[in-house]
Amino acid sequence: MDNEEPRGPVRAFVTMRTRNSKGDKMQSTHTSRAIAAGTALLAAVSLAACGSSGSSGADDKVIEFWDPYPQYAEGSDWDTYVKDCAPEGYTIKRQGLPQNDVLNNLTTAVKADNAPDIAVLDNPFMPTAVDSGLVTDLAEAGVDVDGFDANIEGPGIVDGVQYGLAFGSNALGLYYNPEVLEKAGVDPSAITDWDSLNEAIRKVVDSGAKGITFSGITGEEGVFQFLPWFWGAGGDLSEPESQAAKDAEELVSGWIKNGWAPKSATTDNQSASWDLMLTGEYGFAENGSWQAAAARENGFDMIPIPAKDGGVAPVATGGEFATLPYHKTENAEKTKAAAQVIECLTSDENLAKTNETIGYLAAKKSARETQVKENDLWAPWVESVEGARGRTTDVGLDYETISATLSENLQAALNS
């Protein structure tokens, strides 16, 4: 929005203002009025485009809440739950947007000083948001950030300051179809490293079924799925072209070359990859905890992704961070109310419910234990979440370049 040339009435205002800039006293009066009207019009256009409510009058009691969950429509469990966290005297206006749109629109809105009061940003966006001055110190605003898991909260902490608070995390695991594996004579408990995994996939394919699905699509989604293999081979993000990267590339590209994985893996996102698993024809699928309920409905089980030489491979922390965006025009009472909303969603009393509502595992051990006790669906995921790593925690802004390198090399390997 900020790069577009003014159009329609706004453009006419700009032209008129230029022509009258040297007029007499009467013209100056008209110009002042026109400028005031034009300024109001510009503000209205900006607010309409960015979805912000402004900062005066009745809007002082409306908390703008942006999140990257457009799948949760108005009236959904998540929508209702968020709005129920409004402090007394306030209402919450929630807007669900695609992940990239939240960051892009927030960038524009902060420049125009009409940012939302709360923005929930995707995990890897945090260093960019901090570097661009889009978000503020949560603890300074009064949000309780103590007691959360360091591995999950890592990407939200930059130079020792916590700018984002994660409710919890999703994670990747290795789903399997028990019927397919039984027919192939595969014991999933015997899959403990890459060699045993490859042997299991080979047996599945030899039995007449299909092997494994995964997402190798260009971009962050494919990198997200590649990282467990990279880290499982001993990789370090500071060295994206290390031997560990080559070993991981050889592993997943070998699945395609052997006919164990579909060629479409090079372009499949995680949803498309999961759709293949749902056909019932595949033995394995690398996918996320957000599919756990669907997996159970289809009779699938899950094991943690194995590391190259044994043990559980680290996966990337998934999920998002609640932030308080920067406002040039400060409103201390509004900021306090927004901080109370975040505290409502992340309090010890509510944290388990918050994560259950969006299908994540909580960023606190006590809340995770409550989730597992109330829903054994989560039990197999605890080890992966507790051992997960933040993508930007150690490398910060450099992750953008690192991720691009990993993606480019992965695509080259998969298509070779």
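That block above? That's the structure.
We now turn to the structure provided with this report. Keep in mind that this is a model prediction, so the values were computed, not measured.

So, the overall build of the protein chain
The helix and strand tally for the protein chain stands at 17 helices and 13 strands. Here the contacts in the protein chain between residues at least 6 apart in sequence split such that 75% fall between residues at least 24 apart.

Notes on the nonpolar core
If you look at the biggest cluster of nonpolar residues, it comprises 116 residues, and the most contacted ones within it are Phe65, Leu227, Trp229, Leu237, Trp255 and Phe284. Look past the residues within four positions of phenylalanine 284 in its chain and what remains in contact with it is Leu174, Tyr175, Tyr176, Leu181, Ile191, Ala200, Ile201, Val204, Gly211, Ile212, Thr213 and Met277.

Focus: the state of the cysteines
Here the structure, examined in full by the defined rule, presents 1 disulfide. Two residues share a disulfide in this structure: cysteine 85 and cysteine 344, whose sulfurs sit 2.0 Å from each other. The sign of the S-S torsion, about -65 degrees, decides the handedness of the disulfide formed by cysteine 85 and cysteine 344: left-handed. With cysteine 85 in the loop between helix H3 (77-83) and strand S2 (91-96) and cysteine 344 in helix H13 (residues 332-346), the pair connects residues that are 259 residues apart, well separated along the chain.

Looking at the sheet that holds S2
Spatial strand order, S2-S1-S3-S12-S6: 5 strands in an open sheet with mixed pairing. With one partner strand each, in any of the chains shown, S2 and strand S6 (165-166) form the two edges of the open sheet. The sheet contact formed by S6 and strand S12 (residues 320-323) spans 2 bridges and is antiparallel. Bridge pairing links alanine 166 to phenylalanine 321 in S12. Most of the contacts of H13 go to strand S1 (residues 62-67), to which it runs at about 50 degrees, and overall it touches S1, S2, strand S3 (118-122), S6 and S12.

Remarks on the environment of serine 384
The residue serine 384 is located in helix H16 (residues 382-386) in this model. Taking the C-alpha atoms as reference points, serine 384 and isoleucine 303, 81 residues apart in sequence, are found 9.5 Å from one another. Residues in contact with serine 384, not counting those within four places in the same chain, are Ala171, Leu172, Pro304, Val312 and Val315.

Comments concerning the packing of aromatic side chains
According to the stated counting rule, one finds 12 aromatic pairs in the structure shown. An angle of 85 degrees between the planes, with centres 6.0 Å apart, marks the rings of tryptophan 274 and phenylalanine 300 as edge-to-face. Here the residue tryptophan 274 occupies a position in helix H11 (residues 270-277), and phenylalanine 300 occupies one in the loop between helix H12 (292-297) and strand S11 (301-303), the gap between them amounting to 26 residues. You'll find tryptophan 274 and phenylalanine 300 in the same group, each marked buried. An aromatic cluster is defined as three or more aromatic residues linked by ring pairs; in this entry it consists of Tyr69, Tyr72, Trp78, Tyr81 and Phe167. For the cation-ring pair, lysine 364 lies above phenylalanine 148, with the distance from its terminal atom to the ring centre recorded as 4.5 Å.

Some details on the sheet that holds S11
Spatially, 4 strands are ordered S9-S10-S8-S11 in an open sheet, and the strand pairing comes out mixed. In this open sheet, the two strands that pair with only one neighbour each are strand S9 (210-213) and S11. The sheet shows a mean angle of 25 degrees between the axes of neighbouring strands, direction not considered. Here S9 runs beside strand S10 (residues 282-288); their pairing, made up of 3 bridges, is parallel. Counterpart to isoleucine 212 in the pairing with S10 is phenylalanine 284. Taken strand by strand, H11 contacts strand S8 (172-176), S9 and S10, and its axis lies near 150 degrees from that of S10.

Points about the pattern of salt bridges
As a working rule, side chains carrying opposite charge can pair if their charged atoms are close by. Counted under the stated rule, the structure contains 16 salt bridges. Measuring nitrogen to oxygen at the nearest pair gives 3.0 Å for the salt bridge that ties lysine 210 to glutamate 281. You can see lysine 210 sitting in strand S9 and its partner glutamate 281 sitting in the loop between H11 and S10, a full 71 residues away along the chain. When its relative accessible area of 39% is taken as the criterion, glutamate 281 is described as partly exposed. As a salt-bridge pair, arginine 368 and glutamate 386 come within 3.0 Å of each other at their nearest N and O atoms. You can see arginine 368 sitting in helix H15 (residues 365-374) and its partner glutamate 386 sitting in helix H16, a full 18 residues away along the chain. Among the ionic contacts, a cluster of salt bridges with common partners joins Asp149, Lys365, Arg368, Glu369 and Glu386.

Some remarks on helix H8 (residues 194-206)
The end-to-end C-alpha distance of H8 is 18 Å, a good match for the 18 Å that 13 residues give at a rise of 1.5 Å each. Looking at the buried positions of H8, the neighbouring elements they touch are S8, helix H7 (178-184), S9, helix H9 (220-232), helix H10 (243-257) and S10. With a side-chain oxygen lying 3.4 Å from the backbone nitrogen of aspartate 195, the N-terminal cap of H8 falls on aspartate 193.

About the thresholds
- Per-chain numbering applies: the sequence of each chain, read as written, is numbered from 1 onward.
- Note on the predicted model: pLDDT of at least 70 is required for a residue's local features to be given, and 80 or more for side-chain atom pairs to be given and counted; whole-chain, interface and lining totals, by contrast, use all residues.
- The side-chain numbers reported here are obtained from all heavy atoms of the structure, hydrogens and water having been left aside.
- To qualify as a helix, a DSSP run of H or I must reach at least 4 residues; to qualify as a strand, a run of E must reach at least 2; elements of each kind are numbered from the N terminus.
- In this description, contact between two residues means that some pair of their heavy atoms is separated by no more than 4.5 Å.
- In this text, buried Ala, Val, Leu, Ile, Met, Phe, Trp, Tyr and Cys residues form a nonpolar core when linked through side-chain atoms within 4.5 Å.
- Here's how the labels work: a residue is buried when its accessible area is under 20% of the maximum for its type, exposed when over 50%, partly exposed in between, all with a 1.4 Å probe on protein chains only.
- Criterion for a disulfide: a pair of cysteine sulfur atoms at a distance within 2.5 Å.
- A pair of strands is labelled paired if DSSP reports no fewer than 2 bridges between them.
- Comment: axis = line fitted to C-alpha atoms, over the contacting stretch for helices; angle = value between 0 and 180 degrees taken between N-to-C directions.
- Note on aromatic pairs: the rings of Phe, Tyr and Trp (six-membered ring only in Trp) are paired at centre separations within 6.5 Å, and the planes decide the class, stacked below 30 degrees, edge-to-face beyond 60, tilted for the rest.
- Only lysine NZ and arginine CZ atoms are considered, and such an atom sits over a ring when it is within 6 Å of the ring centre and within 35 degrees of the ring normal.
- The term salt bridge refers to a side-chain nitrogen of Lys or Arg lying within 4 Å of a carboxyl oxygen of Asp or Glu.
- To estimate the expected span of a helix, subtract one from its residue number and multiply by 1.5 Å.
- For this analysis, a polar contact is any N or O atom pair within 3.5 Å, provided that within protein one partner can donate a hydrogen and the other can accept it, and provided that sequence-adjacent residues contribute only side-chain to side-chain pairs.

Keep in mind these numbers describe shape, not what the thing actually does.
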